[in-house]
Amino acid sequence: MGPHPAVAAIRLAVRRVLHDVITEHSAEHSTEHGTEHSTEHGTEPSTEHSTAPAPDRQPLVLVACSGGADSMALASALAFEARKLAVRAGGITVDHGLQDGSTQRAAEVAGRMSALGLDPVEAVTVTVGREGGPEAAARDARYAALDAAAERHGATAVLLGHTRDDQAETVLLGLARGSGIRSLSGMAAVSGAAGRYRRPFLELDRQTVRKACVAQELAVWDDPHNADPAYTRSRLRHEGLPALEKALGKGVVEALARTAQLSRDDADALDSWAADAESAVRDEAGRLECAKLFGLPPAVRRRILRRAMIAEGAPAGSLFARHIEEVDRLITGWRGQGTINLPGRVEARRQGGRLVIRQG
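Residues numbered from 1 in each chain as written. Predicted model: local features only at pLDDT ≥ 70, side-chain atom pairs only at ≥ 80, totals over all residues. Heavy atoms only, no water.

Asks: I would appreciate a short explanation of the overall build of the protein chain in the present structure.
Replies: Scanning the protein chain for helices and strands turns up twelve helices and ten strands. Dimensions of the protein chain along its principal axes, counting C-alpha atoms only, are 75 × 55 × 40 Å. In the protein chain, which comprises 360 residues, the proportion classed as buried is 42%. Summarising the internal contacts of the protein chain: among those between residues at least 6 apart in sequence, 68% fall at separations of at least 24. As displayed, the protein chain has an accessible area near 19,200 Å², and 51% of this comes from carbon and sulfur atoms. Of the side chains in the protein chain, 45 bear a positive and 47 a negative charge, and the two mean positions are spaced by 5 Å. (Helix = DSSP H or I, 4+ residues; strand = E, 2+ residues; numbered from the N terminus. Buried < 20%, exposed > 50% of the residue type's maximum accessible area, 1.4 Å probe, protein only. Contact = heavy atoms within 4.5 Å. Areas by Shrake-Rupley, 256 points an atom, 1.4 Å probe, with all protein chains shown as cover. Lys, Arg positive; Asp, Glu negative; His and termini not counted. Charge placed at Lys NZ, Arg CZ, Asp CG, Glu CD.)

Next comes the structure, spelled out in C-alpha cells:
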C-alpha cells in the first residue's frame with residue numbers, strides 16, 4: 001500500500017525540485033572541470049544506473065523550518081527523498097526572539113529535524129529590527145540568517161514551505177499596495193542569488209500539506225502570530241480571503257495563484273524589454289535622455305527609471321509606485337519641478353534635457 005495521497009503529493013513536489021538541483025549542480029561541476037555535460041531541459045535525470053558522487057561532492061539542500069505544518073511537511077519530504085538521491089539534506093530554524101520560550105521551541109524544532117535524519121541542523125538566533133514594520137523586519141532578519149547559513153554550510157539550495165494559499169495572500173497584499181504587475185506576480189518558485197531559494201509547494205494548498213503532517217504523525221507548532229489580527233497577513237488569511245470566497249465562491253485561491261504566474265510572465269517580458277531598451281535612451285556619457293524616454297511605453301520607461309534608482313543606491317524594497325510616478329513626471333509632465341528625494345538618500349532631477357539620478 002502506497003503513502004497517503006497528501007504525503008505522495010508533497011514528496012513528488014520535493015523530488016522534482018531536487019532533480020532540478022542535481023541537474024544544475026552536475027552541469028556547474030562539469031563546467032568547472034572543463035567537461036561537456038548536457039541534459040534535456042525539464043527531464044529528470046536517472047539515478048538508477050549511475051554512480052553517485054562522493055558525499056562531499058553531492059549538493060547540500062537545506063530546509064528552512066519554523067516547526068509549523070508547512071515547513072515540517074517540507075522537512076519530512078526532503079529527508080525522505082534525499083535518501084534516494086545524490087543529495088545531502090540539512091535544516092535551519094530561525095529564532096526571532098519575539099515570543100516567550102522561542103529559544104526552547106527552536107531547539108525542539110532542530111531536534112525534530114535531526115530525528116528525521118537531516119544533517120547538518122542548526123538553530124539560528126536573530127535580532128529583529130523595526131524598519132518597514134514588524135512583519136517586514138522579521139522577514140528581512142530571517143532571510144539574512146538563511147543566506148548566512150547557506151554560505152556557512154556551502155548549501156546549493158534552501159527550500160521554503162510557502163503554499164498556494166501563501167501565494168494568494170501575497171497577490172492580494174500586492175494589489176492593496178498598488179505597486180504594479182510585479183507585486184501581483186507573488187513569490188517565484190526559484191529566487192535569490194544563483195537561484196538559492198526554492199518553493200516546492202506553490203502548487204499545493206495548505207490543507208494538503210497539513211494532511212500530510214497528520215498522516216505522518218508529525219508534531220507541528222502553530223505560531224500564534226499567524227492568528228494575531230495585529231498582523232496584516234493574519235487578518236487577510238482569517239478574514240479577507242474567507243470573505244472573498246463567500247462573495248465570489250470557491251476557487252479564489254487557485255485563481256489568485258494563477259494570476260501570480262500570468263503576472264510574473266508579463267513582468268519578466270517587460271523587464272527584458274526595459275533591459276534591452278535602456279542603452280538606447282542614454283547618451284554617450286551614459287545619461288538618460290528625457291526625449292527618448294518619453295517615446296517609450298510607460299511600463300517600459302518606468303522599469304528603466306526604477307533600475308536607475310536602484311543602481312544609484314535606492315533600496316528596492318523601499319521604492320513604491322508613488323516614487324516612480326514622481327520621477328516619471330519629470331519626463332512626461334515637465335513644468336520646472338525641483339529635485340525629488342527618493343529612499344536611500346537618492347535624488348532625481350531634470351537638467352538640460354537629461355534625467356540625473358544620483359546619491360544626494
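Asks: It is not clear to me how the layout of surface pockets should be interpreted in this structure. Could you clarify?
Replies: Sizing a probe to match a water molecule and rolling it over the atoms shows the empty space that remains. For the second largest pocket, the calculated volume is near 650 Å³. Lining of the second largest pocket is provided by 24 residues; of these, Ala189, Arg199, Pro200, Leu202 and Glu203 occupy positions nearest its centre. The element best represented in the lining of the second largest pocket is helix 1 (residues 5–32), accounting for seven residues. Here the residues of the lining of the second largest pocket are counted per class, giving 13 nonpolar, two polar and nine charged. (1 Å grid on protein atoms, 1.4 Å probe; cavity = no way out; pocket = protein on both sides within 12 Å on 5 of 7 lines; lining within 4 Å. Points joined across faces, edges and corners; volume = space filled by probe spheres on them. Nonpolar A, V, L, I, M, F, W, Y, C, P; charged D, E, K, R; others polar.)

Asks: Would you take a moment to explain the packing of aromatic side chains for this structure?
Replies: Two aromatic rings are characterised by how far apart their centres lie and by the angle between their planes. A full pass over the atoms with the stated rule returns one aromatic pair. When the centroid spacing of 5.2 Å and the interplanar angle of 85° are considered together, the rings of tyrosine 143 and tyrosine 197 count as edge-to-face. Residue tyrosine 143 is located in helix 4 (residues 134–153), and its partner tyrosine 197 is located in strand 6 (residues 197–198); the two are separated by 54 residues in the primary sequence. Residue tyrosine 197 is classed as buried on the basis of its relative accessible area, which comes to 4%. Residue placement shows arginine 11 over the ring face of phenylalanine 80; its charged tip is 3.5 Å from the ring centre. (Phe/Tyr/Trp six-rings, centres within 6.5 Å; stacked < 30°, edge-to-face > 60°. Lys NZ or Arg CZ within 6 Å of the ring centre and 35° of its normal.)

Asks: Help me understand the sheet that holds strand 2 (residues 88–95) in this model?
Replies: Strand pairing in a sheet relies on backbone hydrogen bonds. The paired strands run either parallel or antiparallel. Strand order across the open sheet formed by six strands is 3-2-1-4-6-5, with mixed pairing between neighbours. One side of each edge strand has no neighbouring strand; the edge strands of this open sheet are strand 3 (121–125) and strand 5 (190–191). Against the sheet, helix 2 (residues 69–82) makes contact with strand 1 (60–64), strand 2 and strand 4 (157–159), and its axis sits at roughly 160° relative to strand 1, the strand it touches most. Across the sheet, helix 3 (residues 102–115) lies against strand 1, strand 2 and strand 3, angled at about 170° from strand 2, the strand it touches most. (Pairing = 2+ DSSP bridges. Axes fitted to C-alpha atoms, helices over the stretch in contact; angles between N-to-C directions.)

Asks: What am I meant to see in the sheet that holds strand 10 (residues 354–359) here?
Replies: On the basis of which strands lie adjacent, the open sheet formed by four strands has the order 7-10-9-8 and antiparallel pairing. The sheet is open, and its two borders are formed by strand 7 (288–289) and strand 8 (340–342), each paired with just one other strand.

Asks: Explain the packing of helix 2 against helix 7 (residues 206–215) here, please?
Replies: How two helices sit against one another is set out by the angle between their axes and by the gap between those axes. Closest axis-to-axis distance for the helix 2/helix 7 pair is 9 Å, and the angle between their directions is 60°. If you check the angle between helix 2 and helix 7, you find them oblique. Viewed along their axes, helix 2 and helix 7 form a crossing whose handedness is left-handed. Judged by residue contacts, Ala69, Asp70, Met72 and Ala73 of helix 2 engage Arg206, Val209, Arg210 and Cys213 from helix 7. Classifying every residue of the contact of helix 2 with helix 7 gives five nonpolar, no polar and three charged. (Parallel < 35°, antiparallel > 145°, perpendicular 65-115°, else oblique. Left-handed = near helix turned anticlockwise from the far one by under 90°.)

Asks: Would you take a moment to explain helix 8 (residues 232–248) for this structure?
Replies: Each full turn of the α-helix corresponds to 3.6 residues, which orients residues three or four apart in the same direction. Helix geometry: helix 8 is bent most strongly at histidine 238, by close to 30°, with proline proline 242 lying one to four residues after it. Buried within helix 8 are the following residues: Ser234, Leu236, Arg237 and Leu241. Each element contacted by the buried residues of helix 8 is listed here: helix 5 (164–177), helix 7 and helix 9 (252–278). Glycine 249 sits one or two positions beyond helix 8 and adopts a positive phi of about 95°. (Bend = angle between axes of the 7 residues up to and from the residue.)

Asks: So what exactly am I meant to see when it comes to the pattern of salt bridges here?
Replies: Close approach of charged atoms lets side chains of opposite charge pair. With the rule as written, the count across this model stands at 25 salt bridges. One salt bridge in this structure joins lysine 84 and glutamate 81, with 3.6 Å as the shortest N-O distance. Residue lysine 84 is classed as partly exposed on the basis of its relative accessible area of 46%. For the salt bridge of arginine 164 with glutamate 254, the shortest nitrogen-to-oxygen distance reads 3.7 Å. Of the two residues, arginine 164 sits in helix 5 while glutamate 254 sits in helix 9, which places them 90 residues apart along the sequence. With relative accessibility at 18%, the residue arginine 164 sits in the buried group. (Salt bridge = Lys/Arg side-chain N within 4 Å of Asp/Glu carboxyl O.)

Asks: Before we go on, may I ask you to explain the nonpolar core in this structure?
Replies: The tendency in soluble globular proteins is for nonpolar side chains to be buried side by side. Ile10, Val14, Val61, Leu78, Leu118 and Phe201 are the most contacted members of the largest nonpolar core, which has 35 residues in total. Sorting the residues of this core by element identifies helix 1, strand 1, helix 2, helix 3, strand 4 and helix 7 as the ones contributing at least two each. Those residues in contact with phenylalanine 201, other than ones at most four positions away along the chain, are Ile10, Ala13, Val14, Asp70, Ala73, Leu74, Gly161, His162, Thr163, Arg164 and Val209. In terms of nonpolar packing, the next biggest core, distinct from the first, is built from 25 residues, Ala277, Val281, Leu288 and Ala348 among them. (Core = buried A, V, L, I, M, F, W, Y, C linked by side-chain atoms within 4.5 Å.)

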